[in-house]
Number of protein chains: 4
Amino acid sequence: MTHRIAILGASGYTGAELVRLVATHPTMQIVALSADRKAGMAMAEVFPHLAHLDLPVLQKIEDVDFAQVDLAFLALPHGVSHALVREIPDRVKIVDLSADFRLRDADAYRKWYGLEHGAMDIQPSVAFGIPEFYRAEIARARITANSGCYVATSLLPLVPLLAAGAIGAEDIVIDAKSGVSGAGRGLSEAMLFSEANEGFKSYGVAHHRHMGELDQELSKAAGQPVLAAFTPHLVPMTRGMQATIYAAGDADAARKVLAERYADEPFVQVLAAGQVPQTQHVKGSNLNRIAVFADRRPGRLIILSVLDNLMKGASGQALQCANIMLGETETAGLTLAPLFP
Amino acid sequence: MTHRIAILGASGYTGAELVRLVATHPTMQIVALSADRKAGMAMAEVFPHLAHLDLPVLQKIEDVDFAQVDLAFLALPHGVSHALVREIPDRVKIVDLSADFRLRDADAYRKWYGLEHGAMDIQPSVAFGIPEFYRAEIARARITANSGCYVATSLLPLVPLLAAGAIGAEDIVIDAKSGVSGAGRGLSEAMLFSEANEGFKSYGVAHHRHMGELDQELSKAAGQPVLAAFTPHLVPMTRGMQATIYAAGDADAARKVLAERYADEPFVQVLAAGQVPQTQHVKGSNLNRIAVFADRRPGRLIILSVLDNLMKGASGQALQCANIMLGETETAGLTLAPLFP
Amino acid sequence: MTHRIAILGASGYTGAELVRLVATHPTMQIVALSADRKAGMAMAEVFPHLAHLDLPVLQKIEDVDFAQVDLAFLALPHGVSHALVREIPDRVKIVDLSADFRLRDADAYRKWYGLEHGAMDIQPSVAFGIPEFYRAEIARARITANSGCYVATSLLPLVPLLAAGAIGAEDIVIDAKSGVSGAGRGLSEAMLFSEANEGFKSYGVAHHRHMGELDQELSKAAGQPVLAAFTPHLVPMTRGMQATIYAAGDADAARKVLAERYADEPFVQVLAAGQVPQTQHVKGSNLNRIAVFADRRPGRLIILSVLDNLMKGASGQALQCANIMLGETETAGLTLAPLFP
Amino acid sequence: MTHRIAILGASGYTGAELVRLVATHPTMQIVALSADRKAGMAMAEVFPHLAHLDLPVLQKIEDVDFAQVDLAFLALPHGVSHALVREIPDRVKIVDLSADFRLRDADAYRKWYGLEHGAMDIQPSVAFGIPEFYRAEIARARITANSGCYVATSLLPLVPLLAAGAIGAEDIVIDAKSGVSGAGRGLSEAMLFSEANEGFKSYGVAHHRHMGELDQELSKAAGQPVLAAFTPHLVPMTRGMQATIYAAGDADAARKVLAERYADEPFVQVLAAGQVPQTQHVKGSNLNRIAVFADRRPGRLIILSVLDNLMKGASGQALQCANIMLGETETAGLTLAPLFP
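The model shown is predicted, which means the values in this text are computed figures rather than measured ones.

Rules and cut-offs
- Residues numbered from 1 in each chain as written.
- Chains lettered and ligands numbered in written order.
- Predicted model: local features only at pLDDT ≥ 70, side-chain atom pairs only at ≥ 80, totals over all residues.
- Heavy atoms only, no water.
- Helix = DSSP H or I, 4+ residues; strand = E, 2+ residues; numbered from the N terminus.
- Rg over C-alpha atoms; globule rule 2.2 N^0.38 Å.
- Contact = heavy atoms within 4.5 Å.
- Areas by Shrake-Rupley, 256 points an atom, 1.4 Å probe, with all protein chains shown as cover.
- Lys, Arg positive; Asp, Glu negative; His and termini not counted.
- Charge placed at Lys NZ, Arg CZ, Asp CG, Glu CD.
- Least-squares fit on C-alpha atoms with pLDDT ≥ 70 in both.
- Core = buried A, V, L, I, M, F, W, Y, C linked by side-chain atoms within 4.5 Å.
- Buried < 20%, exposed > 50% of the residue type's maximum accessible area, 1.4 Å probe, protein only.
- Pairing = 2+ DSSP bridges.
- Buried area = accessible area lost by both parts, 1.4 Å probe.
- Salt bridge = Lys/Arg side-chain N within 4 Å of Asp/Glu carboxyl O.
- Polar contact = N/O pair within 3.5 Å; in protein donor to acceptor, adjacent residues only side chain to side chain.
- Nonpolar A, V, L, I, M, F, W, Y, C, P; charged D, E, K, R; others polar.
- Axes fitted to C-alpha atoms, helices over the stretch in contact; angles between N-to-C directions.
- Parallel < 35°, antiparallel > 145°, perpendicular 65-115°, else oblique.
- Phe/Tyr/Trp six-rings, centres within 6.5 Å; stacked < 30°, edge-to-face > 60°.
- pLDDT = per-residue confidence, 0-100.
- Arc of directions from axis to C-beta.

## Details of the overall build of chain A
Point 1. Within chain A one finds 10 helices and 14 strands.
Point 2. On C-alpha atoms alone, chain A measures out to a radius of gyration of 19 Å, which is about the 20 Å that the 2.2 N^0.38 rule sets for 341 residues.
Point 3. Taken along the three principal axes of its C-alpha coordinates, chain A extends 60 × 45 × 40 Å.
Point 4. Of the contacts made within chain A by residues no fewer than 6 positions apart, 68% connect residues no fewer than 24 positions apart.
Point 5. Put simply, chain A shows about 10,600 Å² of open surface, and 51% of that area lies on carbon and sulfur atoms.
Point 6. Positive and negative side-chain charges in chain A, numbering 30 and 36 respectively, have mean positions lying 2 Å apart.

Here you go:
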């Protein structure tokens, strides 16, 4: 059986990454691609690296024939999905890569995105799109809200540790670093090659939007409010993300919790003591690698978590969710080895 | 049917790239990996990006059980293969990524590699490993000599044009540029990040080893001796290769020759007039993209040819050859879309 | 004596580079900075790397008090200078970094820039701003037209060789490569970090604007029309430029001509036989390094010429010209060593 | 008066950076350069970017005529200086860029460097080479021990805050990031371009050698033992360093303490509230930029501190110390603006 796939917002990096993945997926077929301002163009004009594929022409969302679609990926800006999901027929499953359905709380959505939540009636039925935590919910959901990239990088190590009581819920510091592709394809002076190259900087210090999701999920895992420090940084590389996390806890015990928790997960690898993960070793793959070190401060530990922000941090995880929603093998289309060097 | 594959020289970049590709090949299985100085180590120690794969431990070549091998890739330094192929049982097919079997002429081999050719008796039966030119020879060969990366980049546009008389055999200039991975994993000061980063330079000016292969194949195509200028350059990026070629000829006619010649080839794309290929749009794929422009000098043209030096320039093309030798679909394991951005 | 300097167009890269240089010049003082769209802003907001300097606030050009100015650098877009130089008092000397005064021929200006030349009456008195060729003219000119970056890189080796008859005027191929900063600070998708990083491409194939200048100056040097092939490429690094040039001639003789010609020049270095220049070894300096190799094609040679496109290719050379126009030591403010690594 | 300068260890990056700086220093002259394994070579062979300078030939340390030297920079590996300083005549002042004289405690030296301290009798008279804290000691010292790069980056914000009681001495987290040049010019696979490019990783987690210095100086400033978490990371850029520091305290109060403390310092800039420093904006300069943000966790703050690891993190600061020791203007030779873009 072939699943018919629409990718809405195909002119951005997460949209293009979905096309790359779905194109070699054994049971999926791309039947529609949308990009409002570039409607009418061939994908090969917008992304020449996909020119060897036979793809539908880009169209406006309103021109997509959803009768031919089984599942739609929404790789659109925040604020669009609340209304859009009502216009898409109910039988079409949806993986939303925007933040519109990630937050359970309307106030939190307003605080972090400056918009009214337009679909609080639907929100409770939406699954949070980290399969390692919400596989069952994703399997039965019509809509899955794919997590943010920083959120996946941080939650994959932290949630099992908080749930197990292996780390303290206080005094968690998440120092996060991202490649430049996380900023998307929009034009801004700060993202020009000559500005971002050969430089490193923090941004969104103490007020990055992903904090809403972090607070929600960390607090849920801990069973108490968790307010972690979180500082994102921009690294002069295209892909890759690392969170360096400081918390109270015993490193060996924590590593053991994670190793057991993820023993059967195909995409999460807990490294042996002393091994250091590197972002370049997961590039282009759906892998997340985690290491735990004892801090020199007694009773404290340091966690390193790396992934590819466009893959396990976005489109790869979205496809993982789609596989689950469609009853497919979860790893289908996602067994690519990392591209190194 | 599953083909049992050995990769000799698995601790270098072309070896690792073969592992990446073969790991997702539908009908191949890696049964042996060799790396003399790293024998006994797990591949995950040598290349952590492959840690998610279940791979044989690295061993010495002499410990490889070739009775279990159907095809061996030789990703070894120059000068090793001549003797080695005699020690491998005849029934094992071989794709040699070194230069040892590329040159038909013992003098040329001595000139460019400073070594005596140790297997001139075998040489005539070896296929030159560019499938677009030697598909039939590769299909029946026991040994295929994969071309050099600069050679593939230059020959793919030039051979059909010379053969068709669409360009002149005199006054060909090949100005070539390579990413740093082409230099391999060996230690040298010039390849340190701080030395190669943010810089551009020529190297091997007027005496690069790939000239022997270029001369041989260009002359054969032209039916007369061809001596092209050839200057390689080092670009501060990991993967990617471009040849900018200047020759006498009519651009529109030449583009037409190439478009017709490659119309049915899965990996070679001839761009429409005015389009410019970019190395980043073929990264990680087996694609070669070619464009032809009229020079402002009347009667002359400019050819742009790009590929990924580790893929169509090395391991990807080697796998393409192996597929042919084994009677497999030629594109098997090679349908990966480029990784961009 | 202190020279009072205005830099018009200070919000672009060449403007900022002029500020960097003039700030440590022993006898110059910046008295005015203009940037029309950013008038009213502090330079530290536009270029934080200059925040440690005490600089005038950015203003509109029409608000600059030229009575307080001895020399103005015009780092403005093409098409502005023709009218502007008439509005600036005659006693103010001008170094124009745009292309507006580089071409002697109104038709050539129209062809390459699509504009009518608005100051042909002034053009004959303008000096072409490569001091190594036009030192006397620059010394007595009111206006100097700084050359383009590709032009300086190409002319510095080619002009003396053509003038001496050491190379042929036919069949010259200039394969040129530039860092991304040459594209300036304007917003375009192609110049985003994620697009330009880890990639290499040609652009402006056979129709780059710098050809007008090249034709003019090469023809003048040769005493006959010269039409060289010229292909620019974009290298994933911020600064640096190389021209790889192919021509007819004897390498040893040509190297000798250049070595003698530049023996007393402070900024041009002709390398010994066999040495290869690298762009990273001139970064941040006003140096140009040139090497000459014998081609393997008999009777032909290969020239390598490197410089920093923002320095000897733009602002450094502009300051060199300004020093001459003001009767200063030509190297004043330009003795910085390259920044490596 | 001209100061005669020797640079011992001139074949490494910090040695070359000293040459770059001293070459344009108004009152210093380089009279000797040493590099044991490259003795007899010209500096231009070892570092072509310095080929335009008239420099002494590299020699072995034992061949240096210290009778002609006023001040020697020691840019040598750890473990060499203890014996060497006794062999250099007493009248020669010394700035040691190694770690040999940074630690006051022989046990700490043994712990972090695995060597016996060979000059504990001299140690008490050595000044710790951060001029902003030890200007008077440096002025009267024969030997100054230049601080490590991570140490300068961390101490410049932390010492005044601890001394003023503006932050707590407990629970300090220093998450530090360095460009690749910090690893020096030695050969290692991990520092090859193809390995380090397009990747990010931690290293030396919880056991980096700079911790000894950090502990010593932070504890001294706080008047109590301070044990901060410290994790270094490798960023794919050549130069630049950032420390992101988490501590207890009020951001506005802390920013005020730092702004007042550094109001008259030429090289330390405390940014206004909300401004973010970037490493690319201090590249090639001796500047350190610091910003303080309120953490979202009440009562906590986040400090960002950036500098160029080869300048204020090594050779620039060493020259600053040398200026003080020689009675020169402290900023002499160090007024270079950053190189951006």
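## Details of the relation of the copies chain C and chain B
Point 1. Mapping chain C onto chain B calls for a rotation angle of 180 degrees and an axial translation of 0.0 Å; the resulting RMSD is 0.0 Å. With respect to symmetry, the two chain copies, as superposed, fit the operation of a two-fold axis.
Point 2. A symmetric contact is evident, with 100% of the interface residues of chain C recurring at the interface of chain B.

## A closer look at the nonpolar core
Point 1. Core analysis: the largest hydrophobic core is formed by 387 residues, its most contacted members being A:F73, B:F73, C:F73 and D:F73.
Point 2. The residues contacting D:F73, other than those within four sequence positions of it, are D:I5, D:A6, D:I7, D:L8, D:L18, D:V22, D:V95, D:L97, D:A318, D:L319 and D:A322.

## A look at unusual backbone geometry
Point 1. For the bond from A:F340 to A:P341, the omega torsion is 0 degrees, close enough to zero to count as cis.
Point 2. If you trace the backbone, A:P341 turns up in the segment after α10 (311–325).
Point 3. At D:E198, a residue that is not glycine, the phi angle is positive and equals roughly 55 degrees.
Point 4. Residue position: D:E198 is located in the loop between α7 (193–196) and β9 (201–202).

## Some details on the pairing of strand β5 (residues 93–96) of chain D
Looking along a regular strand, one sees the side chains alternate between the two faces of the sheet.
All names here are of chain D.
Point 1. Direction of pairing for strand β4 (residues 71–74) relative to β5: parallel, over a ladder of 4 bridges. Counted as the bridge partner of F73 is V95 from β5.
Point 2. As defined by bridge partners, β5 adjoins strand β7 (residues 143–146) across 3 bridges and the pair is classed as parallel. Bridging from a neighbouring strand, V95 pairs with T144 of β7.

## Thoughts on the interface of chain D and chain A
Point 1. Contacts between the two partners involve 49 residues from chain D and, on the opposite side, 49 residues from chain A.
Point 2. Taken over both partners, the interface formed by chain D and chain A buries close to 4,000 Å², and the fraction arising from carbon and sulfur atoms is 55%.
Point 3. For chain D, the biggest contributors to the area lost against chain A are D:E198, D:F200 and D:R296; these three give 21% of the whole.
Point 4. Inspection of the chain D/chain A interface yields 8 salt bridges.
Point 5. A:K177 serves as the salt-bridge partner of D:D175, at 2.9 Å between the closest nitrogen and oxygen.
Point 6. Remark: the boundary between chain D and chain A carries 26 residue pairs in polar contact (both at pLDDT 80 or more).
Point 7. Contributions of two or more residues to the side of chain D that touches chain A are made by β8 (173–179), α7, β9, α8 (210–222), β10 (229–235), β11 (241–248), β13 (288–294) and β14 (300–307) of chain D.
Point 8. Partitioned by chemical class, the residues of the side of chain D that touches chain A number 25 nonpolar, 11 polar and 13 charged.

## Describing the interface of chain C and chain B
Point 1. Facing the 49 residues of chain C at the interface are 49 residues of chain B.
Point 2. It is C:E198, C:F200 and C:R296 that lose the most area in chain C upon contact with chain B, and together they represent 21% of the buried surface on that side.
Point 3. Between C:R297 and B:D171 there is a salt bridge whose closest N-O contact spans 3.4 Å.
Point 4. Counting across the chain C and chain B interface gives 26 residue pairs in polar contact (both at pLDDT 80 or more).
Point 5. Elements represented by at least two residues in the side of chain C that touches chain B include exactly β8 (173–179), α7 (193–196), β9 (201–202), α8 (210–222), β10 (229–235), β11 (241–248), β13 (288–294) and β14 (300–307) of chain C.
Point 6. Its residues assigned to classes, the side of chain C that touches chain B shows 25 nonpolar, 11 polar and 13 charged.

## Description of the packing of helix α6 (residues 149–163) of chain A against helix α9 (residues 251–261) of chain A
Residues and elements named next belong to chain A.
Point 1. Closest axis-to-axis distance for the α6/α9 pair is 10 Å, and the angle between their directions is 105 degrees. As summarised for this structure, α6 and α9 are arranged roughly perpendicular, according to the angle between their axes. Across from L156, P157, P160 and L161 in α6, the residues of α9 making contact are A254, V257, L258 and R261.
Point 2. Residues of the contact of α6 with α9, tallied by class, amount to 7 nonpolar, no polar and 1 charged.

## Brief notes about the packing of aromatic side chains
Point 1. One pass over the full model with this rule turns up 22 aromatic pairs over all chains.
Point 2. Summarising the aromatic geometry, the rings of C:Y150 and C:F230 are spaced 5.3 Å apart at their centres and angled 75 degrees between planes, so their arrangement reads as edge-to-face. Of this pair, C:Y150 sits in helix α6 (residues 149–163) while C:F230 sits in strand β10; the two residues are 80 residues apart in sequence, bridging distant segments of the chain.
Point 3. Since its relative accessible area comes to 1%, C:F230 is described here as buried.
Point 4. Taken together, the ring pairs in this structure connect A:Y13, A:F47 and B:F340 into an aromatic cluster.

## Some remarks on the pattern of salt bridges
Side-chain pairing between opposite charges can occur once the charged atoms of the two side chains come close.
Point 1. Going through the model one piece at a time under the given rule, you end up with 100 salt bridges over all chains.
Point 2. Across the pair A:E189 and C:K38 runs a salt bridge whose closest N-O atoms are separated by 3.6 Å. Residue A:E189 is located in the loop between β8 (173–179) and α7 (193–196), and its partner C:K38 is located in the loop between β2 (28–34) and α2 (43–46); the two belong to separate chains.
Point 3. Judged by relative accessible area, which is 29%, A:E189 ranks as partly exposed.
Point 4. Since its relative accessible area comes to 24%, C:K38 is described here as partly exposed.
Point 5. One salt bridge in this structure joins C:R300 and B:D171, with 3.6 Å as the shortest N-O distance. Within this pair, whereas C:R300 is found in strand β14, its partner B:D171 is found in the loop between α6 (149–163) and β8 (173–179), the two belonging to separate chains.

## Quick word on the sheet that holds strand β3 (residues 58–59) of chain B
Residue and element names in this part refer to chain B.
Point 1. Read across the sheet, 7 strands follow the order β3-β2-β1-β4-β5-β7-β6 without closing on themselves; strand pairing throughout is parallel. In this open sheet, the two edge strands, each paired with only one partner strand, are β3 and β6 (127–129).
Point 2. For strand β1 (residues 3–8) and strand β4 (residues 71–74), the ladder comprises 4 bridges, and the chain directions are parallel. By the bridge assignment for β4, A6 is matched with A72.
Point 3. Running at roughly 145 degrees to β6, helix α5 (residues 131–140) makes contact with β6 and β7 (143–146) of the sheet.

## Points about the confidence of the model for chain A
Point 1. Here chain A averages 97 in pLDDT, while 100% of its residues score no lower than 70.
Point 2. Across the whole predicted complex the pTM is 0.97, and at the interface the ipTM reaches 0.97.

## Here's the deal with helix α4 (residues 106–113) of chain C
All names here are of chain C.
Point 1. Looking only at α4, the buried set comprises A108, Y109, W112 and Y113. Angular distribution of buried residues about the axis of α4 spans 100 degrees; they occupy a single face of the element.
Point 2. Contact partners of the buried residues in α4: α3 (81–87) and α8.
Point 3. Sitting at the head of α4, D105 places a side-chain oxygen 3.3 Å from the backbone nitrogen of D107.

## Focus on the sheet that holds strand β1 (residues 3–8) of chain A
All names here are of chain A.
Point 1. Read from one edge of the open sheet, 7 strands run β3-β2-β1-β4-β5-β7-β6, paired in parallel fashion. If you trace the sheet from one side to the other, it starts and ends with β3 (58–59) and β6 (127–129), each paired once.
Point 2. Relative to strand β7 (residues 143–146), β6 is paired through 3 bridges, and the arrangement is parallel. Counted as the bridge partner of G129 is N146 from β7.

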